Amino acid sequence: MYNKEIDKKWQKVWEEKNCFHATNDSDKEKFYALIEFPYPSGAGLHVGHVRAFMGMEVLSRKKRMEGKNVLFPIGFDAFGLPTENYAIKTGIHPRVVTDNNIATFTKQLKSVGFSFDWDRVIDTTDPNYYKWTQWIFLKLFEHGLAYKDKTYVNYCPNCRVILANEESQGGVCDRCDSQIVQMEKEVWMLKITDYADKLLEGLDEVNFPPRVRHEQENWIGRSYGAEINFKLNNKEDILTVYTTRPDTIFGVTYMAIAPEHPLLEKYKDEIKNYDEILKYKAEATKKSEFERVELSKNKTGVKVDGLEVLNPVSGKVVPLWVTDYVMMGYGTGAIMAVPAHDTRDYDFAKKFNIDMIQVVANSKGEEVSLEDGAYTDIEDGVIINSDFINGMSVEDAKAKIIKYLEDNKIGHSKKNYHMKDWAFARQRYWGEPVPIVKCEKCGLVPLDEKDLPLTLPDVEDFVPGEDGESPLAKVDSWVNTTCPKCGGPAKRETDTMPQWAGSSWYFLRYMDPKNNDALASKEALNYWKSVDCYNGGMEHVTRHLIYSRFWHRFLYDIGVVPTKEPYNKRTTQGLILGPDGDKMSKSKGNVVNPDDIVKQYGADTLRTYILFIGDYGMSAPWSENGVKGAKKFLDRIMRLEALATDEDITSKELDREVNFVIKKVSQDYEDMKYNTAIAAMMSYVNVLYKQNKVSKKYIKPLLQILNPVAPHVTEELWEKLNLGGYIFESKWPTYDESKIVSDEIEIPVQINGTVRYRINIPAQSDEKEIEKIALEAPALKNYIAGKEIKKVIVIKSKIVNIVLG
RNA sequence: GCGGGUAUGGUGGAAUUGGCAGACACGUCGGUCUUAGAAGCCGAUGCCGCGAGGCGUGAAGGUUCAAGUCCUUUUACCCGCACCA
């Protein structure tokens, strides 16, 4: 019987032999398997972690047995709010909280038997690690990709921090689900938009699941259109708009700008209803992003009394409106409104009785009724009411207008992105300090590389200030410093880096985790190159996965790393749901603790069950009975000892079965189809149990292919059967294809598509021979009943279908 | 609104990509062993029907000798994005 003593015995052996250590000076082929390193929360290891890690665990153990030098590292992404909030609540220093949590995680991970390289553990909060996070920041600054800017940022009033766009999707805080508000603040930004095209192009050279690719493309959101300069009527100023439909410019009946648009402030003396506009702006900023979207059907706005806009192509003068359906953060914060062909403009125009001009007709050139809404189904439409572009297709008209704009210097073609620059600041203590000081004379000055790491001061009060002020701001002795350039008085940046900083490059540190002279040596970077397979969750696709690709591509551009993309292949695991089918959560009380399963059933039971639960990429509910089934299977493996014999008994059937299961499991592991791999091994065990005695040669390869899933059980039985050395050192078994095919096979015969009888045929029979056997079968007579055979379809070694009429 | 996914026995899930639907496992039932129970081992188990047979992959159509798989329409649930100009 399998028990947890077996776990302990072999975990001790692995630890003593340090047998999963990867070396940097190997002449073996390398394989780099990566899992998303965990955040060491107080809640400890979750069954979701186990599922996420098991995929790469199985692959790593298999590749080692195949003779590869496997890097399968683990570390901790330990900066972040929960630890800090816990510190605030209890008064325990975040350093201590983090160390305790890491110790717990380490113990738990080891108890599951993961084959991590424990010599390469990294911790993002270790100054020797964040030294290099700060170094990369200095490089970004040096190349103009880190800048300080006063803009509207997402602020979570509950967490009291600024959030990046990626962290506030849906207008809700990633951490606490609070409604975020817009706040004008000067913060550090990273110019990720400069890398938008590179991030899109990079997707062509990696193997990501289509879902992941789509989400990233969607998030980056590139669109092609034009920027057009409209002149304010009788004024010098221009109003620049971005549009993807320059071909509809003759349909513009009004212009609209965001409430935050600077033009309003500039012309406040000439705008007659400025008070009304100010009031509208105040209301708009008060609305959360969520409300703005919810109320999207009911458009609001104020007409700007005193300003009008001149259409530079048609020469028409149209009114200017302020409305919160135009966002300051996208495009130029101003639009040319074409109500006939845009649903939002249509709704607005309907409500405020603004004219509509139809400028695109259907493909037959007929005007369409605008009674029921804007006509947007215009891909194959024809331009009308539009002077020199009349009669053209939409596509041609776009090109012609853009050329006209450029010739007349009133606009140009323009790419736009949904993705915004990365608000790279947290007003918190537990994060990487920004290695920049503000000097009265020299402005923003970077620290010298030799002065890194800039460590966090030891403080006792971690409570953030009321208005988005970091707790570091209270530490005068730390804040006040001297300028590295002029030696005069200077102040340190008191915002820290966001959660995502440390994880944006950690996979590079694993290659050479103790290096003090570089983030990793050139030799290490050139040997390991990039991650061969990276498994993680869908929730990181538009956060960590985008950020780390951005940093990596930047490091490539400045010659630090040898590859453009960090991850060659990305895979994702599905969620493990509670036994009730709901997402596991403390409040629902349906959380399964992996520790309990390991204690009661053993680590291999947990490992086997989690892989057997279903398709690796899909979510599946937890089942205690399923766990018991996995345990039963492992006990059956252990009991093979009683069946095993040293005698050399060869059986054709077992030859076929063993070669088949080696082939099937080897292939399934590569495809991450762990559930069917385990099912195949179960079937094989069922066959073995039908024998009175089984030669060890039929058990040995089974243990080897099961080893990546159940390393403790297989190591134990390997020893008991005296198979020599350790199983983890043994060579992955090969199979003989010729033994898998049998001489004679049975195939079904259908009459009019329904299986009626079966025939035995020599495996190599061709279509004619099979047809002959099928038609000669006595069973056919029962179905013919005077009918005539119209057609016989034979699919070699698969099926026969006889069509009777 | 846009994009992506899922739907198969009492349950979790398989199905070589158009070729035997339900592998494997759970559960249930039966057998064996046992003084007895548990465990183990062996067997049965999609539904209806005594049976021959019929029906069956969310629903409705279609293509095909053959459809879980392809096409059209549709429903439910999940995920991502969302006034993207």
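To be clear, the structure that these remarks concern was listed above.
In this report, we go over the structure that sits alongside the text. Just so it is clear, the structure is predicted and the values come from calculations on it, not from any experiment.

**What about the overall build of chain A?**
Okay, step 1: From N to C terminus, chain A includes 27 helices and 31 strands.
Okay, step 2: Counting over 805 residues, chain A shows a buried share of 55%.
Okay, step 3: Intrachain contacts of chain A at a sequence separation of at least 6 include 73% that bridge at least 24 residues.
Okay, step 4: Accessible area of chain A: about 35700 Å², with a carbon and sulfur share of 48%.
Okay, step 5: Side chains of chain A carry 108 positive and 120 negative charges; the gap between the two charge centres is 3 Å.

**Some remarks on unusual backbone geometry**
Okay, step 1: The peptide bond linking Leu-452 to Pro-453 adopts the cis configuration, its omega dihedral lying at -5°.
Okay, step 2: Inspection of the secondary structure assignment puts Pro-453 in the loop between β19 (443–446) and α13 (476–479).
Okay, step 3: One non-glycine residue, Asn-385, lies in the positive phi region at around 50°.
Okay, step 4: Tracing the sequence through the fold places Asn-385 in the loop between β15 (382–383) and α12 (394–407).
Okay, step 5: According to the relative accessible area criterion, Asn-385 is partly exposed, its value standing at 44%.
Okay, step 6: Even without a glycine there, the phi angle at Asn-722 is positive, about 60°.
Okay, step 7: Position of Asn-722 among the secondary structure elements: in the loop between α24 (711–720) and α25 (737–740).
Okay, step 8: Exposure remark for Asn-722: the relative accessible area of 67% places this residue in the exposed category.

**Here we look at the nonpolar core**
Okay, step 1: Counting residues in each nonpolar core, the largest one holds 88 residues, and the members touching the most others are Trp-622, Ile-637, Tyr-669, Met-681, Leu-688 and Leu-703.
Okay, step 2: With 66 residues, the next largest nonpolar core counts Phe-137, Trp-422, Phe-424 and Met-538 among its residues.

**What about the environment of Trp-551?**
Okay, step 1: Looking at the secondary structure, you find Trp-551 in helix α16 (residues 544–557).
Okay, step 2: On the basis of relative accessible area, Trp-551 is assigned to the buried category, the value being 0%.
Okay, step 3: Considered as a pair, Trp-551 and Asn-515 are 36 residues apart in the sequence and their alpha carbons are 20 Å apart.
Okay, step 4: Each residue touching Trp-551, except ones within four places of it in the same chain, is listed here: Thr-133, Ile-136, Leu-140, Leu-190, Trp-422, Phe-424, Ala-501, Ser-504 and Trp-505.

**Comments concerning the sheet that holds strand β1 (residues 30–35)**
Okay, step 1: The strand order across the open sheet formed by four strands is β2-β1-β22-β23, and the pairing between neighbours is parallel. Two strands lie at the open edges of the sheet, namely β2 (69–71) and β23 (570–572), each paired on one side alone. Sheet twist, expressed as the mean angle between neighbouring strand axes with direction ignored, is 20°.
Okay, step 2: Two strands pair when backbone bridges link them, and β1 and β2 are joined in this way by three bridges, in the parallel orientation. Each residue of the ladder has a partner; that of Phe-31, found in β2, is Val-70.

**Quick word on the protein's contact with RNA strand B**
Okay, step 1: Residues in close proximity to RNA strand B total 53 residues, the closest being Gln-169, Thr-243, Arg-344, Arg-636 and Arg-758.
Okay, step 2: Measuring from a phosphate oxygen of RNA strand B, one finds a side-chain N or O atom of Arg-344 at 2.2 Å.
Okay, step 3: It is helix α22 (residues 674–688) that provides the largest number of residues to the surface near RNA strand B, a total of six residues.
Okay, step 4: Considered class by class, the residues forming the surface near RNA strand B number 21 nonpolar, 16 polar and 16 charged.

**Notes on the pairing of strand β5 (residues 146–156)**
Okay, step 1: As defined by bridge partners, β5 adjoins strand β7 (residues 181–190) across ten bridges and the pair is classed as antiparallel. Opposite Ala-146, over in β7, you have Leu-190 as the bridge partner.
Okay, step 2: Looking at chain direction, β5 and strand β6 (residues 161–163) are connected through three bridges and run antiparallel. Considered in β6, the bridge of Cys-156 is made with Val-161.

**Some remarks on helix α5 (residues 127–142)**
Okay, step 1: Look at α5: 22 Å from first C-alpha to last across 16 residues, which is about the 22 Å you get at 1.5 Å a residue.
Okay, step 2: Counting buried positions along α5 yields 13 of 16 residues, so the element is predominantly enclosed.
Okay, step 3: Between a side-chain oxygen at the N-terminus of α5 and the backbone nitrogen of Asn-128 the separation is 2.9 Å; the capping residue is Asp-126.
Okay, step 4: The positive-phi residue at the C-terminal boundary of α5 is Gly-144, with phi of around 70°.

Calculation criteria
Residues numbered from 1 in each chain as written. Chains lettered and ligands numbered in written order. Predicted model: local features only at pLDDT ≥ 70, side-chain atom pairs only at ≥ 80, totals over all residues. Heavy atoms only, no water. Helix = DSSP H or I, 4+ residues; strand = E, 2+ residues; numbered from the N terminus. Buried < 20%, exposed > 50% of the residue type's maximum accessible area, 1.4 Å probe, protein only. Contact = heavy atoms within 4.5 Å. Areas by Shrake-Rupley, 256 points an atom, 1.4 Å probe, with all protein chains shown as cover. Lys, Arg positive; Asp, Glu negative; His and termini not counted. Charge placed at Lys NZ, Arg CZ, Asp CG, Glu CD. Core = buried A, V, L, I, M, F, W, Y, C linked by side-chain atoms within 4.5 Å. Pairing = 2+ DSSP bridges. Axes fitted to C-alpha atoms, helices over the stretch in contact; angles between N-to-C directions. Near = heavy atom within 4 Å. Polar contact = N/O pair within 3.5 Å; in protein donor to acceptor, adjacent residues only side chain to side chain. Nonpolar A, V, L, I, M, F, W, Y, C, P; charged D, E, K, R; others polar. Expected span 1.5 Å × (residues − 1).

Honestly, that's just the spatial picture; any functional story needs more than this.
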